[in-house]
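A closer look at the structure
So you can see what is in the structure, the chains are spelled out below.
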Amino acid sequence: MKLSGAQILMEIFKEQQVDTVFGYPGGAVLNIYDEIYKSSDWLKHIITCHEQGASHAADGYARATGKTGVVLATSGPGATNLVTGIATAYLDSTPMVAITGNVACSLIGRDSFQEVDIKGITMPITKHNFMVKDVTRLADTLREAFSIATSDRPGPVLVDIPKDVQIATCAFTPAKGAQAPKVPALDAAMLAQAEKLIREAKRPFLYVGGGVQIAGAGDLLIKLAETIGAPIGASMMGLATVPHRHPLFLGMTGMHGRYAASIALDKSDLIIAVGTRFSDRATGNKQEFSKNHKVLHIDIDPAEISKNIPAYVALVADVKLALTALIDAELPHSAPEWLAEVQALKAAPDNHLSMDASILNPELVLRAANQRLPQDSPVATDVGQHQMWVAQYYHFQKPRTFITSGGLGTMGFGMGAAMGACIGSGLKKTLLITSDGSFHMNMNELATAVANRLPLIILVLNNSVLGMVRQWQTMFYDKRYSNTTMNRPTDYCLLAQAFGAKGLRLETLDKMDSVLDKAFSLPGPVVVDVRINRDEMVLPMIPPNGTIKEMILRG
Amino acid sequence: MENQRLIISLLVNNESGVLTRISGLFARRGFNIDSLSVGETENPRISRITIQAAGDEYVRSQIMHQLGKLHDVKKVALMDAAQTVLRELLLVKVHANPDTRGQVLDAVTVFRAKVIDLTPTTMTMELTGECTKLDAFITYLDPLGIIEVCRTGVTAIGRGDYVLKTNEEE
């Protein structure tokens, strides 16, 4: 049968079991949107307010479900508006396929209306990208795009389809369906070395990155930790992979890591790093970080081995495969002294820092929200202090519930990501923790949330300043608050109302329970303006490029 | 760690944009390309690229692994100098009048270069060989007055059974 390029795209969506697409129409994708119109019985299209919101929504959808997020945009500005979303997905290894229209092949290279070289622009922020100039190559190229996005270390792939290719027709042969990504076998010699290293270790520490969640290997990781008697710490991307309540779990390590997690990591003699890339925010000073312990690095991406922290032994493998092999190796349990020491750290007062409980503060608000939200509901954040407070005070118990921009640190990520995660979770009540700074970046998407009646609770931790930058200005720039005091008179309640959402204000501690109860009882979307102190700090803090010895515990 | 010369051979898809991907990767990771040569192979769908770079063990490892991740790269190999023939082509134009031509021709004989163009005031030569030989030739010609130098960058092929195959072919 002969199909047009646009029809072939629909067929590939079906083959790849894509039932939700986020996007925004325009001149160069009219033919695709015409087919979407005819496909409404099986394909849901969410139109956002801005292509950036669509890209973050596709990302949030993918993070919450593990499926590939799909975003669609027109040529030129539609395509360039995706860039931040694609880069965010790239840095956090989210499987995403971005489809862009482009001007007809005959117009390419002539600076035509809404023409841009999106393939060139997105080269460094995609796993791979394509421009399809021949409709007979379209089906296989799209299949390859989905395969690349999900295989090995996942990531975004962009496919640029000129308008005439969407119109042109050719024979279409259906494929058998999505192929399972190939998994490279484990290197027996390296595995033996890894086992030896663990056997010799007296104080092993398991360090979990986002790769464990991507691999769906949280349970295996816990099994290994219990087998060898190792405490578990996580990078921010690794949070939610291991339930917070697990006795061996110490929390986040790194710049704003928890006391016990950071100290235990420092005192360990072997760091078993799984699915992580040792970001500078996670390690601080790399020379100091590497001292006094060996590193066993397990990751699917060979380029991550010894890129930031030298690995003593490395297993380049699917995390699931590697962890299963290590569990099967009958490795010895660490000495009881090590876990006793870890438990003492966990119980230490410095591991239980609290904010001033006499006033409304982020810690209390987050703990109260935590109590009200089901454990399997997604929690999205933007970027800044509020994000770190969520990482510190929200106790995640289920994988894929923490939706946050780690590597790129994208302010404005939250609104789109929360929508995508909410839709991906099957419309579970979804919490977005944001701040006045971040929320102002992409609050337009509130209109999308309202139009789709999404059960979103948006807590705007409002301190009227750019809190994280202000914190650095306080600590490292002699309190010269350059351009971080916002003085914006935005009325969040009126704003929410104007968008057709509900708005609530929370100003004092005595109202906290009643306002949050109200917010959680509404069908949503609801925006809560939570007034917090502008000088609230994120602590502990290890200064940039610093060491554990420089950890600041109190303001 | 000391910098070493790296000769990297790549088999890549013969498609537009591949060279951009590779040069872009070097640029954004902060690695230098000393020379690069590219051409189609016996299989018209595959091109072969030879890159000369310099770096320590860390740079070597990162270059190899990051290149290996590019979807269009079908093989990446660090060429073993002892088992590899390296060649580069040089075209060089110098000032040469009837009085000075003799000096230039001496060098042409010694270096086994070839004169490919001659005018009353200039002389143009081609020379192939290892980079060091080309460098020596240029050093000799320099005082005589070099007008233009074109170098192709090094290209490399393994000796005997040392054959590069794409990952699929292996």
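What you see is a predicted model, and the numbers here were worked out from it, not measured in a lab. (Residues numbered from 1 in each chain as written. Chains lettered and ligands numbered in written order. Predicted model: local features only at pLDDT ≥ 70, side-chain atom pairs only at ≥ 80, totals over all residues.)

This part covers the overall build of chain B. Per the secondary structure count, chain B includes four helices and nine strands. In sequence order, the secondary structure elements of chain B are arranged as β-α-β-β-α-β-β-α-β-β-α-β-β. When the backbone C-alpha atoms are referred to their principal axes, chain B occupies close to 60 × 40 × 30 Å. Expressed as a percentage of its 170 residues, the buried residues of chain B come to 24%. Long-range contacts, defined here as pairs at least 24 residues apart, represent 75% of the contacts in chain B between residues at least 6 apart. (Helix = DSSP H or I, 4+ residues; strand = E, 2+ residues; numbered from the N terminus. Buried ≥ 20, exposed ≤ 12 C-beta atoms within 10 Å, placed from the backbone. Contact = placed C-beta atoms within 7 Å.)

Residue and element names in this part refer to chain A. Once the domains are mapped, chain A shows domain 1 (2-171), domain 2 (188-352) and domain 3 (362-531). Centre-to-centre separation of domain 1 and domain 2, based on C-alpha positions: 37 Å. For the side of domain 1 that touches domain 2, the class distribution of residues is one nonpolar, one polar and three charged. (Domains from an automatic or database assignment. Nonpolar A, V, L, I, M, F, W, Y, C, P; charged D, E, K, R; others polar.)

What follows is about the domain arrangement of chain B. Residues and elements named next belong to chain B. On domain assignment, one finds that chain B holds domain 1 (4-78) and domain 2 (85-155). For domain 1 versus domain 2, the distance between C-alpha centres works out to 29 Å. At the interface, six residues of domain 1 touch five residues of domain 2. Elements represented by at least two residues in the side of domain 1 that touches domain 2 include exactly strand 2 (33-40) and strand 3 (46-55). Per-element tally for the side of domain 1 that touches domain 2: the top contributor is strand 2, with three residues. Grouping the constituent residues of the side of domain 1 that touches domain 2 by class yields two nonpolar, four polar and no charged.

Here the focus is the sheet that holds strand 14 (residues 313-316) of chain A. All names here are of chain A. Strand order in this open sheet of six strands is 11-10-9-12-13-14, and the pairing throughout is parallel. Each edge of the open sheet is held by one strand with a lone partner, namely strand 11 (249-252) and strand 14. Taken over all neighbouring pairs, the strand axes of this sheet differ in orientation by 15 degrees on average, direction set aside. Here strand 12 (residues 270-274) pairs with strand 13 (residues 294-299) via five bridges, running parallel. Looking at the pairing, I272 lines up with L296 of strand 13. (Pairing = 2+ DSSP bridges. Axes fitted to C-alpha atoms, helices over the stretch in contact; angles between N-to-C directions.)

To continue, consider the interface of chain A and chain B. Contacts between chain A and chain B engage 11 residues on the former and 12 residues on the latter. Its residues placed into classes, the side of chain A that touches chain B shows five nonpolar, three polar and three charged.

In this section: the sheet that holds strand 6 (residues 128-131) of chain A. All names here are of chain A. One open sheet holds the six strands; their spatial order is 3-2-4-5-7-6, and the pairing between them is parallel. Strands with a single pairing partner mark the edges of an open sheet, and in this sheet they are strand 3 (44-47) and strand 6. Mean inter-strand twist for the sheet, computed between neighbouring axes without regard to direction, equals 20 degrees. As defined by bridge partners, strand 2 (residues 20-23) adjoins strand 3 across four bridges and the pair is classed as parallel. Of the residues in strand 3, the one forming a bridge with F22 is I46.

Before going further, it helps to spend a moment on helix 15 (residues 319-328) of chain A. All names here are of chain A. For helix 15, the set of buried residues is V319, L321, A322, L323 and L326. For helix 15, the elements touching its buried residues are helix 9 (188-200), helix 10 (210-215), helix 11 (218-228), strand 12, strand 13 and strand 14. Trailing helix 15 by a residue or two, E330 shows a phi angle of about 50 degrees, which is positive.

With that settled, consider the packing of helix 17 (residues 362-372) of chain A against helix 18 (residues 385-393) of chain A. Residue and element names in this part refer to chain A. Two elements in contact, helix 17 and helix 18, have axes whose closest approach is 10 Å; the angle formed by their N-to-C orientations is 55 degrees. When the interaxial angle is binned, helix 17 and helix 18 end up oblique. Seen along the crossing, helix 17 lies across helix 18 with a hand that is right-handed. On helix 18, the residues that touch P362, E363, L366 and R367 of helix 17 are H386, W389, V390 and Y393. Among the residues forming the contact of helix 17 with helix 18, the class breakdown is five nonpolar, one polar and two charged. (Parallel < 35°, antiparallel > 145°, perpendicular 65-115°, else oblique. Left-handed = near helix turned anticlockwise from the far one by under 90°.)

Residue and element names in this part refer to chain A. As for its position among the elements, G424 is in helix 19 (residues 413-424). Using a count of 25 C-beta atoms within 10 Å as the deciding quantity, one classes G424 as buried. In this structure, the C-alpha to C-alpha distance between G424 and R372, residues 52 residues apart in sequence, is 21 Å. Leaving out residues up to four positions away in the same chain, G424 has contacts with Y61, A64 and T65.

Residues and elements named next belong to chain A. Examined against the element boundaries, M388 turns out to sit in helix 18. The spacing of M388 and L553 is 165 residues in sequence and 15 Å in space, taken between C-alpha atoms. Not counting chain neighbours up to four residues away, the residues in contact with M388 comprise H256 and V538.

On to the nonpolar core, then. One finds L206(A), L221(A) and L459(A) to be the most contacted residues of the largest nonpolar core, which totals 174 residues. Per-element tally for this core: the top contributor is helix 19 of chain A, with eight residues. If we skip the residues at most four places from it in the chain, L459(A) touches V365(A), A369(A), L431(A), I433(A), V528(A) and V530(A). Core analysis: the next-biggest nonpolar cluster, separate from the first, contains 20 residues, I7(B), I22(B), I51(B) and V73(B) among them. (Core = buried A, V, L, I, M, F, W, Y, C linked by C-beta atoms within 7 Å.)

Glancing now at the packing of helix 1 (residues 5-15) of chain A against helix 2 (residues 30-38) of chain A. Any two packed helices are characterised by how steeply their axes cross, that is the angle between the axes, and by the distance between the axes. Residues and elements named next belong to chain A. Where helix 1 contacts helix 2, the two axes come as close as 8 Å, and the packing angle between them is 50 degrees. Considering the angle they form, helix 1 stands oblique to helix 2. Seen from above, helix 1 lies across helix 2 with right-handed handedness. Between helix 1 and helix 2, the residues in contact are A6, Q7, L9 and M10 and N31, I32, D34 and E35, respectively. Its residues assigned to classes, the contact of helix 1 with helix 2 shows four nonpolar, two polar and two charged.

So, on to unusual backbone geometry. Residue and element names in this part refer to chain A. Between G524 and the following residue, P525, the backbone shows a cis peptide bond with an omega angle of -5 degrees. Turning to its location among the elements, P525 is positioned in the loop between helix 24 (512-521) and strand 20 (526-531). Residue L539 is joined to P540 through a cis peptide bond whose omega torsion reads 5 degrees. Among the structural elements, P540 can be located in the segment after strand 20. In this structure, F278 takes a positive phi of about 50 degrees despite not being glycine. One can find F278 in the loop between strand 12 and helix 13 (280-283).

Turning our attention to helix 16 (residues 336-347) of chain A. All names here are of chain A. With 12 residues, helix 16 ought to run about 16 Å at 1.5 Å a step, and its terminal C-alpha atoms sit 17 Å apart, in line with that. Within the sequence span of helix 16, burial applies to W338, V342, L345 and K346. Projected down its long axis, helix 16 carries its buried residues within an arc of 100 degrees, all on one side. For helix 16, exposure combined with an orientation more than 90 degrees from the buried face picks out P336, E337, A340, A344 and A347. Among the structural elements, strand 11 and helix 12 (259-267) are those in contact with the buried residues of helix 16. (Expected span 1.5 Å × (residues − 1). Arc of directions from axis to C-beta.)

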